[in-house]
Amino acid sequence: MASSSGPALNEELQCSICLEVFTDPVTTPCGHNFCRTCLSECWTNTQTCFCPLCKEKFSRRPDLKINTTLREVAQHFKEKLNLGESEVFCDICDERKQKAVKSCLTCPSSYCETHLEPHLRVPRLKKHKLINAVENLEDYICQKHERPLEMFCRDDQTCICLSCTEGEHRTHNTVPIEEESQEKKDQLVQRQTDIHQTIEDRMKKIQEIKHSVELRKRNTEKEKSSSVELFTDLIRSIERCQSEQLKMMEEQQKASEKQAEDLIKELQQEITELKKRNTELEQISHTDDHLHLIQMCSSLSSRPHTKNWTEIRIDSDVNVNSLKRALTELRKTLDRKLNEKLSQTVFTELKSVQKFAVDVTLDPDTAHPRLILSDDGKQVHDGDIKQNVPENPKRFDTCVIVLAKQGFSSGRFYYEVQVKGKTNWDLGVARESINRKGKITLTPDNGFWTVILRNQNQYSAAESPPVSLSLSVKPEKVGVFVDYEEGLVSFYDVDSRSHIYSFTGQTFTDKLYPYFSPWLNEEGKNSKPLIITPVN
């Protein structure tokens, strides 16, 4: 294991397992470094070897070699910080000084094994205070009483001698220095444990983020494929409609040409008949046979039979009614398919956010005095009169609002609320530091991200200014989803699987609490409670 390090520990030379300067550092295939002993202990009694830092798994146990360059750098760093063992020599040796093994705070001197022997044998000397050999013995002696620093004053957070405990520290909380040292060690161990746990939490968060990105990537590819398929179908429908319409227009053109051909033929026949009659009349008009002229005039006095061509015409305009009907049908098909696609997309989105469902209960300490909460903390409605409740800084005193007990300062969370039968309500989230006294304006700038209902069917998002919402279906159960890091608050109609509204691009710094307002009772018109329901 690594030796203890000084306060200026360089993170680049720090093993993430023992949090000390590297000792015999080895490098994993993923590129991370650890003390050889630390990594070996980490891989003891495990079937699968993985990197303790990035969690990458290895198919077989890597053959690790000491990184000699990194070891030399770490050793140089230790020496620079005086992390090596200090050389303390015996104060009694005359000629060649031997290395001291103990220092006596009573004498005060340092002794090698030979000269330490009297302190281990003579009864009077055995009472002296011995510690591991140190150079700066004066730091272990009380400068005022010249006695060993054997006690610790917790009031003044300083080391003292026994004489100090009888003087100015007489009434203070003092303990043996060994006891305080052990407590400090325990605190350091706990701090190390906390750091290890924090590292584990951060690594889990990294894996969670990576998993979310991978899941989103897969969903995106799936949606892209589905969208391509949808729009391919739409393009085919348009092409088919276009082909049918062109075919129909060609057929109409051919029919018009045939009609014109028949009419022209009929007109030509009439013209021939009229020319023939005209010739006969011309011949009779020049005869001198009066009897024959009279007889012929009688037989030719009537006009040849002809059609009334005044109202007969060939329409030069293309008949677009069929085209309009085709386009209308196509539009209906497009709308249906797009609505189906949108519904499926929202359904998929809703299913994904429901995975982050949390158990939410109402906090009675925040509830306005008019509000009545159920015993299980899942329902709230306006009781019409103010109740006698304790005053506290968390309670709303003017607006009929209540917050949840649970607050969130990171990650994602989701909950659902039944609003069926209500004419007015507010739902959303609020930051912890909001104003709870007096009149409140619901806007993100004031710490509220909410959707509201007024007068049975007037929905809006409490932006600044408010955004009116046009909902085709009246929601009976509303889902609220928050992604803290993403700055997102979204609202869904759970039953119709539709999206209501989203606040995007927000910046959250405070803890966020689910927010509820059942609004006033309104003489029984709005008496139904808001109900926090389980997420199915």
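Refer to the structure above for everything that follows.
First, a word on what this report is: a plain description of the structure on this page.

Quick notes on the rules
Residues numbered from 1 in each chain as written. Predicted model: local features only at pLDDT ≥ 70, side-chain atom pairs only at ≥ 80, totals over all residues. Heavy atoms only, no water. Buried < 20%, exposed > 50% of the residue type's maximum accessible area, 1.4 Å probe, protein only. Helix = DSSP H or I, 4+ residues; strand = E, 2+ residues; numbered from the N terminus. Pairing = 2+ DSSP bridges. Expected span 1.5 Å × (residues − 1).

## Considerations on the pairing of strand β14 (residues 412-418)
For β14, a buried count of 5 out of 7 residues is recorded, marking the element as mostly surrounded by other parts of the structure. For β14 and strand β23 (residues 530-533), the ladder comprises 3 bridges, and the chain directions are antiparallel. Its bridge partner being in β23, Gln418 is matched across the sheet by Ile531.

## Brief notes about unusual backbone geometry
Residue Pro108 is bonded to the preceding Cys107 through a cis peptide linkage, with omega at -15 degrees. Locating Pro108 in the fold gives a position in the loop between β5 (102-104) and β6 (109-111). Cis peptide bonds are those with omega within 30 degrees of zero, and the linkage from Ser464 to Pro465 qualifies with 0 degrees. Turning to its location among the elements, Pro465 is positioned in the loop between β17 (458-461) and β18 (467-469). Even without being a glycine, Asp24 presents a positive backbone phi close to 50 degrees. Take Asp24: it is sitting in the segment before β1 (25-27). Here Glu523, not a glycine, exhibits a phi torsion of approximately 55 degrees, which is positive. Looking at the element boundaries, Glu523 is found in the loop between β22 (512-517) and β23.

## Regarding helix α6 (residues 177-285)
The terminal C-alpha atoms of α6, which comprises 109 residues, lie 155 Å apart, in line with the 162 Å expected from a rise of 1.5 Å per residue. All of the buried residues in α6 are Glu180, Met203, Leu230, Leu234, Ser237, Cys241, Gln245, Leu263, Glu270 and Ile284.

Just distances and angles here, no functional claims.
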